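Each chain is listed here by its residues.
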Amino acid sequence: MAEWFSNLEFLSKIYWLVAIIGSLIFTVVMIMAFVGGDADDIGDIDADIDVDGAGFQFISFKNLVGFFTIFGWSGIACIDAGLSTPVTIVVSIISGLLMMVIMAALFYFISKLSDSGTLNYKNALDAVGEVYLPIGADRSKMGKVNVSVQGSMRELHALTDSLTELKTGTIIKVVDVTANGILIVDQTRKPIEPSRGNNEELPASKDRFIEP
C-alpha cells in the first residue's frame, strides 16, 4: 500500500488523499445528519441563502465535505482516463460544486418536510384563550397563555399592549405574533355559544287562552 502510494504522481497523491479523507468524514457526516445530529456544529462556516423564508445552506460544513469528496474521486477518474492536468482540475471542481448544490437541495427539502409538522405561530391569530401566567402591562413582563393552535391546546409565551396587567384566568384574544413567536394578546370575552335549551310547547289538548 505504501509502495503503491509512493509511486503515484504528485497530483494523484493529492486527489487520493482528498478522496479518502473526504469519504471518511462524509460517511460520519451523513450518519450524524440522518440520526438527528447536527453536522454543522463541527465547523463554524455557514452562509445561508433565504429561499421562501427557509434557510437554503450552500456553504456549510457538510456541503464542503461533499465537495472535497467528489472533487477527489472525480479527479482520480479523470487521471485514470488520461485527461490533462488543467482539464482534470476543472472537471473535479465543477463536479464538487454540483455535489454541493445537490446536498444543499437535499437537506433543504428534508428540513421543509420536518418543518411541515411543526407549530406555525401565525395560526394562533384571532384565537381566544386564557392567561396562565400573569402578563405585565404595556409589554413590561412576559407571561403565558393557553390557546388552541392547530387543533391542540398549547401553552405559549405572550405579551400585551394593554395598560393594565392581565391576570391569571383573564380571557384573551391573540391580535398579533412577533417574528420570534411571541403572542401579542388583548383582553376579550369568551365567545357566546348559542343556547341549547329546549323550548317547551303547550300540549294540543290544553287551552292556550284563558276564558273570561
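Residues numbered from 1 in each chain as written. Predicted model: local features only at pLDDT ≥ 70, side-chain atom pairs only at ≥ 80, totals over all residues. Heavy atoms only, no water.

### Focus on the overall build of the protein chain
Test applied: Segments assigned H or I by DSSP are reported as helices when at least four residues long, segments assigned E as strands when at least two residues long, and all are numbered from the N terminus. Contacts: residue pairs with any heavy atoms within 4.5 Å of one another. For the area figures, the Shrake-Rupley method with a 1.4 Å probe applies, and any residue is considered shielded solely by the protein chains shown.
A count of helices and strands for the protein chain gives 4 helices and 7 strands. Counted from the first residue to the last, the protein chain has its helices and strands arranged as α-α-β-β-α-α-β-β-β-β-β. Long-range contacts, defined here as pairs at least 24 residues apart, represent 54% of the contacts in the protein chain between residues at least 6 apart. For the protein chain, the computed accessible surface area is about 14300 Å², with 60% contributed by carbon and sulfur atoms.

### Focus: the pairing of strand β7 (residues 183-187)
Put simply, the rule reads: Strands pair, by our definition, only if DSSP identifies at least two bridges between them.
The sheet contact formed by strand β5 (residues 152-160) and β7 spans 3 bridges and is parallel. Each bridged residue has a counterpart across the sheet, and for L159 the counterpart in β7 is I184. The pairing of strand β6 (residues 171-177) with β7 spans 5 bridges and is classified as antiparallel. Looking at β7, one finds that K173 is bridged to D186. As consecutive antiparallel partners, β6 and β7 are separated by 5 residues, and within that stretch G181 has a phi angle of approximately 85 degrees, a positive value.

### Regarding the nonpolar core
Formally: The set of buried Ala, Val, Leu, Ile, Met, Phe, Trp, Tyr and Cys residues whose side-chain atoms join them within 4.5 Å is what this entry labels a nonpolar core. A simple rule labels every residue: compare its accessible area, found with a 1.4 Å probe on the protein chains alone, to the largest value its type can have, and call it buried under 20%, exposed over 50%, or partly exposed in between.
Judged by nonpolar contacts, the single largest core of 15 residues is most densely connected at I135, V145, V147, I172, V174, L183 and V185. Those elements that provide at least two residues to this core are β4 (143-149), β5, β6 and β7. In this structure V185 touches I135, A158, L159, T160, D161, L166, I172, K173, V174 and V175, once residues within four positions along its chain are discounted.

### So, the pattern of salt bridges
Operational definition: We define a salt bridge as a side-chain nitrogen of Lys or Arg found within 4 Å of a carboxyl oxygen belonging to Asp or Glu.
Per the stated rule, a full pass over the model turns up 2 salt bridges. As a salt-bridge pair, R139 and D161 come within 2.6 Å of each other at their nearest N and O atoms. Note that R139 is positioned in the loop between β3 (128-133) and β4 and D161 in the loop between β5 and β6, a separation of 22 residues in sequence. Looking at R139, the relative accessible area reads 40%, which means it is partly exposed. A relative accessible area of 43% places D161 in the partly exposed class. The shortest N-O distance in the salt bridge between K144 and E155 comes to 3.3 Å. Of this pair, K144 sits in strand β4 while E155 sits in strand β5; the two residues are 11 residues apart in sequence, bridging distant segments of the chain. On the accessibility criterion, K144 (22% relative accessible area) is partly exposed. Note on E155: relative accessible area 40%, which makes it partly exposed.

### Description of the packing of aromatic side chains
Spelled out, the test is: Two rings belonging to Phe, Tyr or Trp (six-membered ring only in the last case) form a pair when the distance between their centres is within 6.5 Å. Interplanar angles under 30 degrees mark stacking, angles over 60 mark edge-to-face geometry, and anything in between is tilted.
Taken as a whole and assessed by the stated rule, the structure comprises 4 aromatic pairs. Ring geometry for F67 and F68: centres 5.1 Å apart, planes at 80 degrees, overall edge-to-face. Residue F68 is classed as partly exposed on the basis of its relative accessible area of 41%. The interplanar angle of 20 degrees and the centroid separation of 5.8 Å between the aromatic rings of F67 and F71 together place this pair among those described as stacked. With F67 and F71 both in helix α3 (residues 61-80), this residue pair falls 4 residues apart, about one helical turn. When sorted by exposure, F67 lands in the same class as F71, which is buried. Taken together, the ring pairs connect Y15, F67, F68 and F71 into an aromatic cluster.

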